[in-house]
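# Structural overview
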Amino acid sequence: MSKTKAIRLSKSDEKLINEFLDKNPFFDFSSLTRMALLQFIQNPQITLQPVKTKSKSVNRSKTL
């Protein structure tokens with residue numbers, strides 16, 4: 001059974017999405033979002049940058 005999920009969008013994101021959907025009327029928001037999420041899950045193309053911590057190390061496992 002399908003399930004509804006919600007996301008928050010900034011006004012600028014919403015504007016870009018609406019512009020895309022206007023130019024591509026065969027998509028609706030739900031289909032576009034579902035396709036984008038599945039594509040990202042199957043082939044994530046994101047590079048994350050590490051952040052250096054201060055010289056004093058913190059043992060996070062004790063706080064979690």
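To start, this report covers the structure provided alongside it. Please read these numbers as outputs of a predicted model, since none were measured by experiment. (Residues numbered from 1 in each chain as written. Predicted model: local features only at pLDDT ≥ 70, side-chain atom pairs only at ≥ 80, totals over all residues. Heavy atoms only, no water.)

## What about the overall build of the protein chain?
From N to C terminus, the protein chain includes two helices and zero strands. Taking all 64 residues of the protein chain together, the buried fraction comes to 6%. Total accessible area on the protein chain is roughly 7,000 Å²; 57% of this is exposed by carbon and sulfur atoms. (Helix = DSSP H or I, 4+ residues; strand = E, 2+ residues; numbered from the N terminus. Buried < 20%, exposed > 50% of the residue type's maximum accessible area, 1.4 Å probe, protein only. Areas by Shrake-Rupley, 256 points an atom, 1.4 Å probe, with all protein chains shown as cover.)

## Some words on the packing of aromatic side chains
Here a ring pair, both rings aromatic, is described through the centre-centre distance and the interplanar angle of the planes. The tally for this structure, following the rule as stated, stands at two aromatic pairs. When the centroid spacing of 6.1 Å and the interplanar angle of 40 degrees are considered together, the rings of Phe20 and Phe27 count as tilted. Look at Phe26 and Phe27: their rings are 5.2 Å apart centre to centre, the planes differ by 40 degrees, and that puts the pair in the tilted class. By relative accessible area, Phe26 is classed as exposed at 66%. (Phe/Tyr/Trp six-rings, centres within 6.5 Å; stacked < 30°, edge-to-face > 60°.)

## Section: the pattern of salt bridges
Counted by the stated rule, this structure contains one salt bridge. Where Lys23 meets Glu19, a salt bridge forms, and the shortest distance between an N and an O atom there is 3.3 Å. Highlighted residues: Lys23 and Glu19, both in helix 1 (residues 11–23), separated by four residues, approximately one helical turn. Residue Lys23 is classed as exposed on the basis of its relative accessible area, which comes to 60%. On the accessibility criterion, Glu19 (38% relative accessible area) is partly exposed. (Salt bridge = Lys/Arg side-chain N within 4 Å of Asp/Glu carboxyl O.)

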